[in-house]
Structure formats: structure tokens, C-alpha cells
Amino acid sequence: MPSEGPDTRILKLLYLLHSGLNPRQMGFDAEALKAIPMLTKHRILRREGNKPVMNIPVMCPQNLPWLQDLCLETIKRLFDFVDSIPAPYKETKLETGNNICHCIYEKRRASRLSF
């Protein structure tokens, strides 16, 4: 069985802390516990008393329908906004193709050459 990388251990550590379980009591890798100060420094964790707890929002499977509804509503509003743009402005939009960065670069390069 391949060994776990540091990211996998940190994810497991975060899961245990989010679940309210004590990593030491669960026999968690002591080497990975050394990441707690770094995670606290970067505000992923915070201290409540002497105990590290999650300091970032955590999505659970129960939140998935809410998130999907939010995404669909946002997309609908975006399409409604685009449809409300007056016709003269719609004619000036860029056709981006597959690579938007390349398209913008080409448009800028062409405009510099035209001066």
C-alpha cells in the first residue's frame, strides 16, 4: 500500500478536528500534528482555549442541494443580465473561442499594429 502524502494527512487531520474528535486519542500520526501551528498561522484553524478548531467554512453533503440551487440561480441571473444589455453593446463583444487569454492577446497585438 502506498504511503500517504502530507496533503492527505492534513485533510484527515482537518476532518478529525471538524468532527470534534481528538486526533491524539484517535491514534493520528504525531508527525502530522506538527502542521497545527502552520494551519493556525494561516487561519485555517483557530484556538479555543487550548484546543484547535476549524476557522473556515466546511461544506457537508447536506449542503450540496443548497449550493446547486445557488449556482443555478446565479447562472439564471447572469443570463438575464446579458439578455438585458442593449443591442449596440452586444455587437462589440469579443468571440473568445477556446482560449480567452490568447484571444485577448491577439486583439491587443492587432490594435497596436493598427496605429
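What you see is a predicted model, and the numbers here were worked out from it, not measured in a lab.

Within the protein one finds six helices and two strands. Each helix and strand of the protein, placed in order from N terminus to C terminus, yields the pattern α-α-α-β-β-α-α-α. Relative to its 115 residues, the protein shows a buried fraction of 14%. Once local pairs closer than 6 in sequence are excluded, the contacts in the protein between residues at least 24 apart make up 24%. Of the roughly 10000 Å² of accessible surface on the protein, 60% is carried by carbon and sulfur atoms.

To continue, consider the environment of lysine 12. Here lysine 12 is to be found in helix 1 (residues 6-18). Look at lysine 12 and you get partly exposed, because its relative accessible area is 39%. Considering only alpha carbons, one finds lysine 12 and aspartate 29, 17 residues apart in sequence, at a separation of 10.0 Å.

With that settled, the discussion passes to unusual backbone geometry. Even without glycine at this site, arginine 43 takes up a positive phi of about 65°. Position of arginine 43 among the secondary structure elements: in the loop between helix 3 (36-41) and strand 1 (45-48).

A contiguous nonpolar patch, built from Met59, Leu64, Trp66, Leu67 and Leu70 and spanning about 500 Å² of accessible area, is present on the exposed surface. With respect to the helices and strands, leucine 64 occurs in helix 4 (residues 64-83). Since its relative accessible area comes to 44%, leucine 64 is described here as partly exposed.

Attention now goes to the nonpolar core. Leu13, Leu14, Leu16, Leu17, Phe28, Ala32, Leu33, Ala35, Ile36, Leu39, Leu45 and Met54 together form the largest nonpolar core, which totals twelve residues. Elements represented by at least two residues in this core include exactly helix 1, helix 2 (30-33) and helix 3. It is helix 1 that contributes the most residues to this core, four residues altogether. With residues up to four places along the chain from it excluded, the contact list for phenylalanine 28 reads Arg9, Lys12, Leu13, Leu16, Pro23 and Leu33.

Once that is clear, we can look at the pairing of strand 2 (residues 51-54). Two strands pair when backbone bridges link them, and strand 1 and strand 2 are joined in this way by four bridges, in the antiparallel orientation. In the sheet register, leucine 45 faces strand 2, and the bridge partner there is methionine 54. The hairpin formed by strand 1 and strand 2 contains two residues between the paired strands, and glycine 49 there has a positive phi angle of roughly 70°.

What counts as what
The residue numbering used here restarts from 1 in each chain and proceeds along that chain's sequence as written. Whole-chain, interface and lining totals are the exception, using all residues; otherwise, since this is a predicted model, local features are given only for residues with pLDDT of at least 70 and side-chain atom pairs are given and counted only at 80 or more. The side-chain numbers reported here are obtained from all heavy atoms of the structure, hydrogens and water having been left aside. Helix and strand assignments follow DSSP, with helices taken as H or I runs no shorter than four residues and strands as E runs no shorter than two, numbered in order from the N terminus. Each residue is placed in one exposure class: buried if its accessible area under a 1.4 Å probe, protein chains only, is under 20% of its type's maximum, exposed if it is over 50%, and partly exposed if it falls in between. Two residues form a contact once any of their heavy atoms are found within 4.5 Å. Method for areas: the Shrake-Rupley scheme with a 1.4 Å probe, in which residue coverage is limited to the protein chains shown. A patch consists of residues whose relative accessible area exceeds 30% and which take part in no salt bridge; residues with like charges are grouped when within 9 Å of each other, and nonpolar side chains (Val, Leu, Ile, Met, Phe, Trp, Tyr) when within 5 Å. Between Lys or Arg on one side and Asp or Glu on the other, a salt bridge is scored when a side-chain nitrogen of the former is within 4 Å of a carboxyl oxygen of the latter. What is meant by a nonpolar core is a set of buried Ala, Val, Leu, Ile, Met, Phe, Trp, Tyr and Cys residues, joined one to another through side-chain atoms within 4.5 Å. A pair of strands is treated as paired once DSSP finds two or more bridges between them.

That's the geometry; what it means functionally is another story.
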